[in-house]
Amino acid sequence: FSRLAQGLKRSSSKLGDSVSAIFTKRKLDREALEELEDVLIAADLGAAAAMQVTERLAKDRFDKEVSDEEVREALAEVVAETLTPLEQGLDLSGARPQVVLFVGVNGSGKTTTLGKIAVKLKREGRNPILAAGDTFRAAAIEQVSVWGERAKSPVIKREIGADAAGLAFDAIDQADRDGHDVVLIDTAGRLQNKAELMDELRKVVRVIKKRMPDAPHHVVLVLDGTVGSNAVSQAQAFLEASEVTGVVMTKLDGTAKGGALVQVAEKFQLPIHYIGIGEGEEDLQPFSARDFSRALAG
Ligand code: GDP
């Protein structure tokens, strides 16, 4: 918890400073509530959560003096209530191999998250295989290879520009043949040409289904915690192109925009599997709504 709290310090202190500025020696009147709502929206929490916080405070404390702590407490409660139903590990217990597709825009932390999960799985005694499905970028192929070494797991890769859907198909083939129980597939994430990217993603899913009709078992959307409310439009785009089954939010170490997780979760009701709090293999935590809400509220 303390590393997460440290990571979200910029988010929580930005909120805390603004909250203090409103409430120093002042009653909770209409105007104060409106200012508070604006502060919460500016912290990327989204309008729905912001309104819930102000309504909760107004219900009990209207026209009374409120302390910073009371505001933080209301915030933590609302965030925890919103996110607790969505706290859900990545369940890889079903039919084998379990096929997991990682989607998200370039730079969101997709490959890193895939790699961290591979290391984790290997340690738990699973036997993953990695597919370097971002065939557009040499660096991405190389990066999956590095994570494959760290996870002591094989990597399926091809030359740059190769067909990503075919590569995903072959990865499942090889998993079947060699007894791998999890297939972790990276995908391209260029957003400049959204239509093309989404078509590509649909094709990857279509071809995976030819090989294994109930796959992919998970489509994990990786969102960058530093982009704030832009995460909502990114999520929207990927939900239109594929059946996203859950999210991971990365870079919650040192961002002032961590509140965006609340907005995305509330809007799309997506399970949250993990959060990223650094670049290393240990820096992936199972998502805990309670820890997150306490770290965010400060
Ligand atoms: P991709 O393009 O979506 O595959 O993104 P990458 O996995 O290449 O990540 C982009 C950059 O973000 C890399 O430099 C990663 O090391 C870094 N990164 C990924 N996750 C985290 C995280 O949780 N915290 C921090 N600080 N950096 C991260």
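Treat the numbers as computed from the prediction; the structure is a model and nothing was measured.

Reading the values: the criteria
- Residues numbered from 1 in each chain as written.
- Predicted model: local features only at pLDDT ≥ 70, side-chain atom pairs only at ≥ 80, totals over all residues.
- Heavy atoms only, no water.
- Helix = DSSP H or I, 4+ residues; strand = E, 2+ residues; numbered from the N terminus.
- Buried < 20%, exposed > 50% of the residue type's maximum accessible area, 1.4 Å probe, protein only.
- Contact = heavy atoms within 4.5 Å.
- Areas by Shrake-Rupley, 256 points an atom, 1.4 Å probe, with all protein chains shown as cover.
- Lys, Arg positive; Asp, Glu negative; His and termini not counted.
- Charge placed at Lys NZ, Arg CZ, Asp CG, Glu CD.
- Pairing = 2+ DSSP bridges.
- Phe/Tyr/Trp six-rings, centres within 6.5 Å; stacked < 30°, edge-to-face > 60°.
- Lys NZ or Arg CZ within 6 Å of the ring centre and 35° of its normal.
- UniProt positions renumbered as here; feature names shortened; annotations may be inferred.
- Axes fitted to C-alpha atoms, helices over the stretch in contact; angles between N-to-C directions.
- Parallel < 35°, antiparallel > 145°, perpendicular 65-115°, else oblique.
- Left-handed = near helix turned anticlockwise from the far one by under 90°.
- Nonpolar A, V, L, I, M, F, W, Y, C, P; charged D, E, K, R; others polar.
- Salt bridge = Lys/Arg side-chain N within 4 Å of Asp/Glu carboxyl O.
- Near = heavy atom within 4 Å.
- Polar contact = N/O pair within 3.5 Å; in protein donor to acceptor, adjacent residues only side chain to side chain.
- Core = buried A, V, L, I, M, F, W, Y, C linked by side-chain atoms within 4.5 Å.

Asks: Describe in detail the overall build of the protein chain, supporting the description with residues and values.
Replies: Within the protein chain, the secondary structure is distributed over twelve helices and eight strands. Projected onto its principal axes, the C-alpha positions of the protein chain cover 70 × 40 × 30 Å. In the protein chain, which comprises 298 residues, the share counted as buried stands at 54%. A fraction of 78% describes how many contacts in the protein chain between residues 6 or more apart in sequence connect residues 24 or more apart. Entry remark: accessible area of the protein chain is about 12,800 Å², with carbon and sulfur atoms responsible for 48%. The averaged location of the 46 negative side-chain charges in the protein chain is 3 Å from the averaged location of its 39 positive side-chain charges.

Asks: Account for the pairing of strand S4 (residues 182–185), with residues named and values stated.
Replies: Burial of the side chains of S4 extends over both faces: Val 182 and Leu 184 are buried on one face and Val 183 and Ile 185 on the other. Here four bridges tie strand S1 (residues 98–103) to S4, and the two strands are oriented parallel to one another. Residue pairing in the sheet places Leu 101 in a bridge with Ile 185 of S4. Bridge count between strand S2 (residues 128–131) and S4: four bridges; the pairing is parallel. Residue pairing for S4: Leu 130 is matched across the bridge by Leu 184.

Asks: Outline the packing of aromatic side chains, listing residues and values.
Replies: All told, the structure shown has one aromatic pair when counted by the stated rule. In this structure, Arg 150 is placed above the aromatic ring of Trp 147, and the distance from its NZ or CZ to the ring centre is 4.3 Å.

Asks: Can you lay out the UniProt feature "domain: SRP54-type proteins GTP-binding" (unreviewed entry) in the protein chain for me, pointing to particular residues and giving the numbers?
Replies: Mapped onto the present numbering, the UniProt feature "domain: SRP54-type proteins GTP-binding" (unreviewed entry) falls at residues 271–284. Structurally, residues 271–284 comprises 0% helix and 43% strand, and the distance from its first C-alpha atom to its last is 16 Å.

Asks: Could you give me a rundown of the packing of helix H2 (residues 9–23) against helix H5 (residues 68–83), with the residues and numbers involved?
Replies: Viewed as axis vectors pointing N to C, H2 and H5 meet at an angle of 130°, and their least axial separation amounts to 10 Å. Judged by the inter-axis angle, H2 sits oblique to H5. Classified by chirality, the crossing of H5 by H2 is right-handed. Note on element contacts: H5 touches H2 through Asp 68, Val 71, Arg 72 and Leu 75, opposite Ser 12, Leu 15, Gly 16, Val 19, Ser 20 and Phe 23. Of the residues in the contact of H2 with H5, the class split is five nonpolar, three polar and two charged.

Asks: Explain the environment of Arg 26 residue by residue, including any values.
Replies: With respect to the helices, strands and loops of the structure, Arg 26 is situated in the loop between H2 and helix H3 (30–42). In contact with Arg 26, not counting residues within four places along its chain, are Glu 31, Ala 32, Glu 35, Glu 65 and Val 66.

Asks: Give me the lowdown on the pattern of salt bridges, citing residues and values where you can.
Replies: A side chain of one charge can pair with a side chain of the opposite charge when the charged atoms of the two come close. Tallied over the full model, the rule gives 15 salt bridges. The partner of Asp 134 in a salt bridge is Arg 137, with the nearest N and O atoms 3.1 Å apart. Classification of Asp 134 as buried rests on a relative accessible area of 2%. Since its relative accessible area comes to 31%, Arg 137 is described here as partly exposed. A salt bridge links Asp 173 to Arg 211, with the shortest nitrogen-to-oxygen separation between them at 2.4 Å. Of this pair, Asp 173 sits in helix H8 (residues 164–178) while Arg 211 sits in helix H9 (residues 194–211), and the two are 38 residues apart along the sequence. Here the salt bridges do not stand alone but share partners, grouping Arg 56, Glu 77 and Glu 81 into one network.

Asks: Tell me about the site of the ligand, and name the residues and values.
Replies: Around the ligand, the surrounding shell holds 18 residues, and the nearest of these are Gly 107, Thr 111, Thr 112, Asp 253 and Glu 279. A distance of 3.0 Å is found between an oxygen atom of the ligand and a backbone nitrogen or oxygen belonging to Gly 109. In the environment of the ligand, an oxygen atom lies 2.5 Å from a nitrogen or oxygen atom belonging to the side chain of Thr 112. Taken by itself the ligand offers 580 Å² of open surface, and the protein chains cover 81% of this.

Asks: Outline the sheet that holds S4, listing residues and values.
Replies: The mixed open sheet is built from eight strands, whose spatial order is S3-S2-S4-S1-S5-S6-S7-S8. Each end of this open sheet is capped by a strand with a single partner; those strands are strand S3 (155–156) and strand S8 (284–286). Relative to the sheet, helix H7 (residues 138–150) contacts S2 and S3, its axis offset from that of S2 by approximately 170°. Strands S1, S2, S3 and S4 of the sheet are contacted by H8, whose axis makes an angle of about 165° with S2.

Asks: Lay out the nonpolar core in plain terms, naming residues and giving numbers.
Replies: Within the largest apolar cluster, 82 residues are counted, with the highest numbers of intra-cluster contacts made by Phe 23, Leu 45, Leu 83, Ile 208, Phe 238 and Phe 292. Not counting chain neighbours up to four residues away, the residues in contact with Ile 208 comprise Val 99, Leu 101, Ala 168, Ile 172, Ile 185, Ala 215 and Pro 216. In terms of nonpolar packing, the next biggest core, distinct from the first, is built from 22 residues, Val 100, Val 119, Leu 121 and Leu 130 among them.

Asks: Give me the lowdown on the packing of helix H10 (residues 230–241) against helix H11 (residues 260–268), citing residues and values where you can.
Replies: In contact at an axis separation of 9 Å, H10 and H11 are set at 35° when each is read in the N-to-C sense. Considering the relative orientation of H10 and H11, their crossing is right-handed. Across the interface between the two elements, Ala 231, Val 232, Ala 235, Gln 236 and Leu 239 of H10 pack against Gln 263, Val 264, Lys 267 and Phe 268 of H11. Among the residues making up the contact of H10 with H11, the classes are represented as six nonpolar, two polar and one charged.

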